[in-house]
Amino acid sequence: MKRRRLIFGSLVPVVVVLLPVILAVSGSNSPADDVSRAPNLSGESALTPLTTMGGGGGVPTPVTVSSERFDPDTVDGPGRTHRIYFPNTDHELHIYHILGREPGTTMLIIGGIHGNEPGGYLAADLYADLSLRRGNLIVVPRANIQAIHQNARGNEGDLNRRFGGYDNGHIDREIAIILEELMAQADVLLNLHDGSGFYSPVEEGPRRNPRLWGQSVIIDTESFTTSDGKRCDLLGTAGEAVRLVNHLITDAGHHFRIKNTLTFDENSSHREQRGSATFYAVSEVGIPGFGVETSQDIMLESQRVRYQVLVINAFMEAFDIVPDHPRFALETPVLGYLAVSIDGGPSLIVENGGSLNLAPGSTIEITHIEANYERGILVDIEGEGGFNDLGLAFRIERDTRVTVSKDKYPCGSVLLIADPSLTGIPAPATRPAGESSPIVIEAFRIAQEGRWTWLQPDETLKVLWGDELLLDDPLAAPTEGFKINFRGFVGNQRRNDGEDRGYPINTAHDLLQRFSLSPDSERYEIRAELNGIIFARSFVEIVIPRLEYVLIQPGYGPLLALAEGDTLNLGSTSSLKVIELVTLPRESGPLTVDWRGSGETGGSRDRESELQLGDDLLKDRPLPGGGGLHEITVRRKGLPIGTVLVRFSGPDGGQR
């Protein structure tokens, strides 16, 4: 493979701190030709066609790429795509492309090549939802999902020895081929691992010596020269990242060091690394590749993830990749409920720890998993299928258990009971003992902005002010005549019959606030009713987003943060850029900006179109307004969520 030309980004010695802070903004130092190396986000796969070998030769079959099995209602934003390779197999490979608003360096982050190294794959997973102001990411959180499930280094040997043509004739090599193609789209590679002990260049003891790997950044050589004659300083770049990270680690025993495996040298003691991802990146693709190893001797996995995050952020800064609002949270994985279809019927909701009775010989399918994580969730019907049985149909003859895990961590289960008394009778949904209600509502079905979800009885759905809702038929045993009533909304304007299914509900205009369950908030009730009797209820809470900051830049001046209600006095300037809008909640877009001079009469200068963050709001034209005072009103769906004021004055202090 031809080596690719390498161009470094700006080596800015700043580490991104994982808190919701306002980030400093500087001009991009990335060369213009970095744009051509951004990942393909047009909706078509940028990878060459692949085939499955199956390990046994014969006629190869195509590899399909689809995310529809997971969530057909999901529409990724223009800066994010999600690809799945080997769907519905034990080797599903999920790849996330994230395109920044400004062009820049593309970094490939790979976690989970070794399945028993959770510090790497848990850290990589945090970056799959990141949004970027500058630069691009390609994130592969779980390169070896089967090994992760087994908590093993690999299921067919070592995936990190399959690069560059090292082939064992199995699925490992197919995965390696896809990762090689991703490297060809990137400018830098980070390969995340947990390593044994603590690396030290000198002998300090049995758990801290040159033979170990933990708390190190791995390079294959000190430097190399690209095909166009550019020198790539791996040692210098890694050294700067390590220096920045160690400054943030208070425990000196956990400081990182650089381990050079000298993989190119004929007498290298690590010749096995010639089959590794980082060596392939350097030797074949011509981009810098770094391994990151946190120590398995650090028992607290969340601590290892934190160290991985510090290193990733340091390298992102080194290559001038600027995030919007990164996050770092490791909640205990917990199953909420499973949706189970019996013999192709409507899905029934079974809560974590619950049970479902069905006739022996029934065919069941797990259609949905509700948990506090979206990725890495696996469902296993014990005694059937593989280790991930989501969306697959199985005939159940005896009692069995459905277990749910996140990666290697169990998070819940449901018992399936083969009940002979139900033979020939459609299985009803499970309900509490002694329940005598003629209606059993397992879940309300509700769409928020066109995306369907299930809302269990007594559960609360939080929606943003202005979102549109739609009620549909709930999950329920067959019953005639009941109504679904959204209290505070009138669907049939001619005759309020209390039936609100099928009517669009605008949460900004269509709700009668006197029906809110709380005087201090907007919280409404959804009821299942029959003859005036309420059999189930759930709740909808309206969250009103608010503006926290407007980040603006006058001319070529410094970035300024204006909080809601602030007035900023500026000298003479010919242009103003709105760089970013920060709201609570954070994900409140799409947003528009309305700019007007408060001293005008009529003819306000609205800019109510979707804001492309970072664009020049005023297009370098003279500023409007009277008396030098202007409003910037931020709106969501046309609804105002906050205003700041800007006053412009001339060089002598007089108003323009």
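Everything below is about the structure printed above this text.
In every chain, residue numbers begin from 1 and rise along the written sequence. For this predicted model, a pLDDT threshold of at least 70 governs which residues receive local features, and a threshold of 80 or more governs which side-chain atom pairs are given and counted, while totals over whole chains, interfaces and linings are taken from all residues. Hydrogens and waters are ignored; side-chain quantities use all the structure's heavy atoms.

Colleague: Help me understand the overall build of the protein, please; the structure alone is not making it clear to me.
Modeller: Helical segments are the DSSP runs of H or I of at least four residues, strand segments are the runs of E of at least two, and each set is numbered from the N terminus. Counting its regular elements, the protein contains six helices and 38 strands. Looking at the protein as a whole, 50% of its 656 residues are labelled buried. By definition, residues are in contact when any of their heavy atoms lie within 4.5 Å. A sequence separation of at least 24 residues applies to 65% of the contacts in the protein between residues at least 6 apart. With the model as given, the accessible surface of the protein reaches about 28800 Å², and the carbon-plus-sulfur share is 50%. Under the scheme applied here, a residue whose accessible area is under 20% of the maximum for its type counts as buried, over 50% as exposed, and between as partly exposed, the area being computed with a 1.4 Å probe on protein chains only. Per-residue accessibility takes into account occlusion by the displayed protein chains alone, with areas from the Shrake-Rupley method and a 1.4 Å probe.

Colleague: How do you make sense of the packing of aromatic side chains when you look at a structure like this?
Modeller: Whether two aromatic rings pair depends on their centres lying within 6.5 Å, for rings of Phe, Tyr and Trp, where Trp uses its six-membered ring; planes under 30 degrees apart make the pair stacked, over 60 edge-to-face, and the rest tilted. In the structure shown here, the tally under the stated rule is four aromatic pairs. Measuring from ring centre to ring centre gives 6.3 Å for Phe256 and Tyr307, while their planes differ by 85°; the resulting arrangement is edge-to-face. In this pair, Phe256 sits in the loop between helix 4 (234–248) and strand 13 (257–260) while Tyr307 sits in helix 6 (residues 301–318), placing the two residues 51 residues apart along the sequence. A single burial state applies to Phe256 and to Tyr307, both of which are buried. Ring centres 4.7 Å apart and planes at 50° place the aromatic pair Phe264 and Phe279 in the tilted group. On the criterion of sequence distance, the pair formed by Phe264 in the loop between strand 13 and helix 5 (277–285) and Phe279 in helix 5 is long-range, its members being 15 residues apart. For Phe264, a relative accessible area of 37% gives the class partly exposed.

Colleague: Honestly, the side chain of His94 in this entry has me stumped. Any pointers?
Modeller: In this structure, His94 sits in strand 4 (residues 93–99). For His94, a relative accessible area of 16% translates into the label buried. A polar atom in the side chain of His94 sits 2.9 Å from the side chain of His82. Polar contacts here mean pairs of N or O atoms no more than 3.5 Å apart (in protein, one a potential hydrogen donor and the other a potential acceptor; neighbouring residues in sequence count only if both atoms are side-chain atoms). There is a polar contact of 3.4 Å between the side chain of His94 and the side chain of Glu92.

Colleague: What is the right way to look at the sheet that holds strand 21 (residues 393–396) in this model?
Modeller: The strands making up a sheet associate through hydrogen bonds between their backbones, and the pairing can be parallel or antiparallel. An order of 17-16-19-21 is seen for the four strands of this open sheet, with the pairing classed as antiparallel. Each of the sheet's edge strands pairs with one partner strand only, and the pair in question is strand 17 (348–351) and strand 21. Neighbour-to-neighbour, the strand axes of this sheet turn through a mean angle of 40°, independent of strand direction. The rule for pairing is simple: two strands pair if DSSP sees at least two bridges between them. Sheet analysis places strand 19 (residues 362–371) next to strand 21, joined by four bridges and oriented antiparallel. Lines are fitted to the C-alpha atoms to define the axes, a helix being fitted only along its stretch in contact, and any angle between axes, read from their N-to-C directions, falls within 0 to 180 degrees.

Colleague: Looking at this structure, how should I read the sheet that holds strand 20 (residues 377–381)?
Modeller: Strand order in the open sheet made by the four strands is 18-23-22-20, with mixed pairing throughout. In this open sheet, the two edge strands, each paired with only one partner strand, are strand 18 (355–358) and strand 20. Strand-to-strand, the axes of this sheet are offset by a mean angle of 20°, without reference to chain direction.

Colleague: Before we go on, may I ask you to explain the pairing of strand 32 (residues 546–554) in this structure?
Modeller: A regular strand carries its side chains on alternate faces of the sheet. When strand 32 meets strand 35 (residues 576–584), the two strands line up antiparallel, connected through eight bridges. Bridge assignment links Pro554 to a residue of strand 35, and that residue is Leu576. Pairing of strand 32 with strand 33 (residues 560–563) involves four bridges; the strand directions are antiparallel. Residue pairing across strands places Leu551 opposite Ala561, the latter belonging to strand 33.

Colleague: Where do I start with the pattern of salt bridges in this structure?
Modeller: One speaks of a salt bridge when a side-chain nitrogen belonging to Lys or Arg is within 4 Å of a carboxyl oxygen belonging to Asp or Glu. Under the criterion given, the structure shown has 29 salt bridges. Put simply, Asp320 and Arg134 hold a salt bridge, and the shortest N to O gap is 3.1 Å. With Asp320 in the loop between helix 6 and strand 15 (322–323) and Arg134 in strand 6 (residues 132–140), the pair connects residues that are 186 residues apart, well separated along the chain. Comparing Asp320 with Arg134 shows no difference in burial state: the two are buried. Asp158 serves as the salt-bridge partner of Arg153, at 3.0 Å between the closest nitrogen and oxygen. Residue Asp158 is classed as buried on the basis of its relative accessible area of 12%. When salt bridges with common partners are traced through the structure, they connect Arg80, Asp125, Asp129, Arg142, Arg375, Lys406 and Asp407 into a single cluster.

Colleague: Help me understand unusual backbone geometry, please; the structure alone is not making it clear to me.
Modeller: The phi torsion of most residues other than glycine is negative, and most of the peptide bonds are trans. Note the cis peptide between Leu584 and Pro585, where omega equals -5°. With respect to the helices, strands and loops of the structure, Pro585 is situated in the loop between strand 35 and strand 36 (591–597). At Phe86, a position not held by glycine, the phi torsion is positive, near 55°. Residue Phe86 is classed as buried on the basis of its relative accessible area of 6%.

Colleague: Would you take a moment to explain the environment of Leu576 for this structure?
Modeller: With respect to the helices, strands and loops of the structure, Leu576 is situated in strand 35. Measuring from C-alpha to C-alpha, the distance between Leu576 and Gly557 comes to 9.6 Å, with 19 residues separating the pair along the chain.

Colleague: Is there a simple way to explain the pairing of strand 17 in this structure?
Modeller: In this sheet, strand 17 lies alongside strand 16 (residues 335–342) in antiparallel orientation, the contact comprising four bridges. The partner of Val340 across the bridge, within strand 17, is Leu348. Connecting strand 16 to the next strand, strand 17, in antiparallel fashion are five residues, including Asp343 with a positive phi near 55°.

Colleague: Even after reading the chapter, I still don't get helix 3 (residues 171–184), so can you show me in this structure?
Modeller: Along an α-helix, residues three or four apart share an orientation, since each turn contains 3.6 residues. Each helix should span, by expectation, one fewer than its residue count multiplied by 1.5 Å. Look at helix 3: 20 Å from first C-alpha to last across 14 residues, which is about the 20 Å you get at 1.5 Å a residue. Of all the residues in helix 3, the buried ones are Ile171, Asp172, Arg173, Glu174, Ile175, Ala176, Ile178, Leu179, Glu180, Leu182 and Met183.

Colleague: Can you walk me through the environment of Ile219 in this structure?
Modeller: As for its position among the elements, Ile219 is in strand 10 (residues 216–219). Here the alpha-carbon distance between Ile219 and Ile258, two residues 39 residues apart in the chain, equals 7.4 Å. In this structure, Ile219 is in contact with Leu234, Leu235, Ala238, Ile258, Lys259, Asn260, Thr261, Leu262 and Phe290, ignoring residues within four places of it in sequence.

Geometric descriptors of this kind do not, in isolation, establish any biological role.
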